[in-house]
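Breakdown of the fold
Take a look at the letters that make up each chain.
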Amino acid sequence: MSESLSAVVVAAGRSQRMGFDKLLTPLGGRPLLVHTLDRLFQTQVPAEIVLVIRPGSEAEMEPVIAPLREKGAIRLVPGGAQRQDSVQAGLRAVADSSEYVLVHDAARPFITKEIVDAVLDAAKLSGAAVCGAPCSDSLKEAGEDGLVLQTIDRSRLWTVQTPQIFRTALLYEAYEIARQTGGLFTDDTAVVEAAGHPVRIVLCHGINFKVTTPADWRLAEAYIQLGGGDAAPGQALRKHLHDLNNHLTPLLGYSYLLNNELQDESRAKKFASSIQIASERCQTTAAAIHKLVRELFPNKGG
């Protein structure tokens, strides 16, 4: 592990949009929080994890993270009223030797080594970096009455995620400026930007969504069932596609032979033709999915 990078994981929220404590609720057999911390340890990058939790929740949190302590150092720190208060609390608790600090949402359980390495490399160049994706939806500005004021050019707009990685001294200084000026922020890169320091953004490949709503929860469950919790998603999808093609190949052959054996205009011939057409369409769809998987997961191990 790197001795110069600490991770601050923000877990002090109240899951108001979810309706239940999402971090401690089992997701695919393990609490969501455990998925996130375990994935961070698997990256073999942070030397320590500072877990920022709700004040007074130490007793319920400790047994959840206890099995992970053998994988690396975890320090519990009480958070504050706002997200930026919690990040600052975590920042004050990182080791003095920390050259870089990684800030991550506890509710993003699918973080990977590839994402962390890419953001860390960018942070080493600029001092501050974040992962994200270009906006794919059309963007509108609307008034309080719900009427559209204007359409916003999305060509240079990105949605940002975590992890976000900074030189520790830089983030500490930026938050000190924010404290003095009274600025309110929901994103740590915005704190650094407000302090006048540039932030580099890198494209996030793969799955890295935040579990916020019940719909997100169902999506996360489906993803884990597919293999995304413990196996690389691209690898799991390729396996399913391989199995699908193994079934389609004989189906196509048998339907072709059956279609040629039956008399024209017979009812059985029509059924056989329908089966052959459906099989060919399934093969076309499988090929399209395979192409999409190659684009989303160019690394066969990812």
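Below is a summary of the structure that appears in this document. (Residues numbered from 1 in each chain as written. Predicted model: local features only at pLDDT ≥ 70, side-chain atom pairs only at ≥ 80, totals over all residues. Heavy atoms only, no water.)

Details of the nonpolar core
Ranked by size, the top nonpolar core spans 46 residues in total, and within it Leu-33, Leu-37, Leu-51 and Ile-165 carry the most contacts. Apart from the residues within four sequence positions on either side, Ile-165 is in contact with Leu-5, Tyr-100, Val-101, Leu-102, Val-116, Val-119, Leu-120, Ala-123, Gly-127, Ala-128 and Ala-129. Counting 21 residues, the second-largest nonpolar core is a separate cluster that includes Val-94, Ala-128, Phe-166 and Ala-174. (Core = buried A, V, L, I, M, F, W, Y, C linked by side-chain atoms within 4.5 Å. Buried < 20%, exposed > 50% of the residue type's maximum accessible area, 1.4 Å probe, protein only. Contact = heavy atoms within 4.5 Å.)

As for the sheet that holds strand 5 (residues 73-78)
Taken in spatial order, the 7 strands of this open sheet run 5-4-1-6-10-7-11, and their pairing is mixed. Unpaired on one side and paired on the other, strand 5 and strand 11 (200-203) mark the two borders of the sheet. Averaged over all adjacent pairs, the angle separating strand axes in this sheet is 25°, with direction ignored. Here 4 bridges tie strand 7 (residues 128-134) to strand 11, and the two strands are oriented parallel to one another. Within strand 11, the residue paired with Val-130 across the bridge is Ile-201. (Pairing = 2+ DSSP bridges. Helix = DSSP H or I, 4+ residues; strand = E, 2+ residues; numbered from the N terminus. Axes fitted to C-alpha atoms, helices over the stretch in contact; angles between N-to-C directions.)

A short note on the environment of Arg-75
With respect to the helices, strands and loops of the structure, Arg-75 is situated in strand 5. When the C-alpha atoms of Arg-75 and Val-52 are compared, they prove to be 8.4 Å apart, with 23 residues separating the residues in sequence. Apart from residues lying up to four places away in sequence, Arg-75 is in contact with Glu-48, Ile-49, Val-50, Leu-51, Ala-93, Val-94 and Ala-95.

Quick look at the pairing of strand 5
Pairing between strand 4 (residues 48-53) and strand 5: 6 bridges, direction parallel. What sits directly across from Glu-48, in strand 5, is Ala-73. This β-α-β element, strand 4 to helix 2 (residues 58-65) to strand 5, shows right-handed connectivity. (Right-handed = clockwise from strand over helix to strand, strands pointing away.)

Here's the deal with the pattern of salt bridges
With the rule as written, the count across this model stands at 13 salt bridges. Here Lys-113 and Asp-117 are joined by a salt bridge, their closest N and O atoms 3.2 Å apart. Of this pair, Lys-113 and Asp-117 are both found in helix 4 (residues 113-126), 4 residues apart, which corresponds to roughly one turn of the helix. The class for Lys-113 is partly exposed, based on a relative accessible area of 35%. Exposure remark for Asp-117: the relative accessible area of 26% places this residue in the partly exposed category. Here Arg-179 makes a salt bridge to Glu-176, at a shortest N to O gap of 2.5 Å. Taken together, the residues span about one helical turn, with Arg-179 and Glu-176 both in helix 5 (residues 168-181) at a distance of 3 residues. Residue Arg-179 is classed as exposed on the basis of its relative accessible area of 54%. (Salt bridge = Lys/Arg side-chain N within 4 Å of Asp/Glu carboxyl O.)

What about helix 3 (residues 83-93)?
Looking only at helix 3, the buried set comprises Gln-84, Ser-86, Val-87, Gln-88, Ala-89, Gly-90 and Leu-91. Where helix 3 is buried, its residues contact strand 1 (5-11), strand 4, strand 5, strand 6 (100-105), helix 5 and helix 6 (188-194).

So, to be careful, I would describe these as geometric facts and stop short of saying anything about function.
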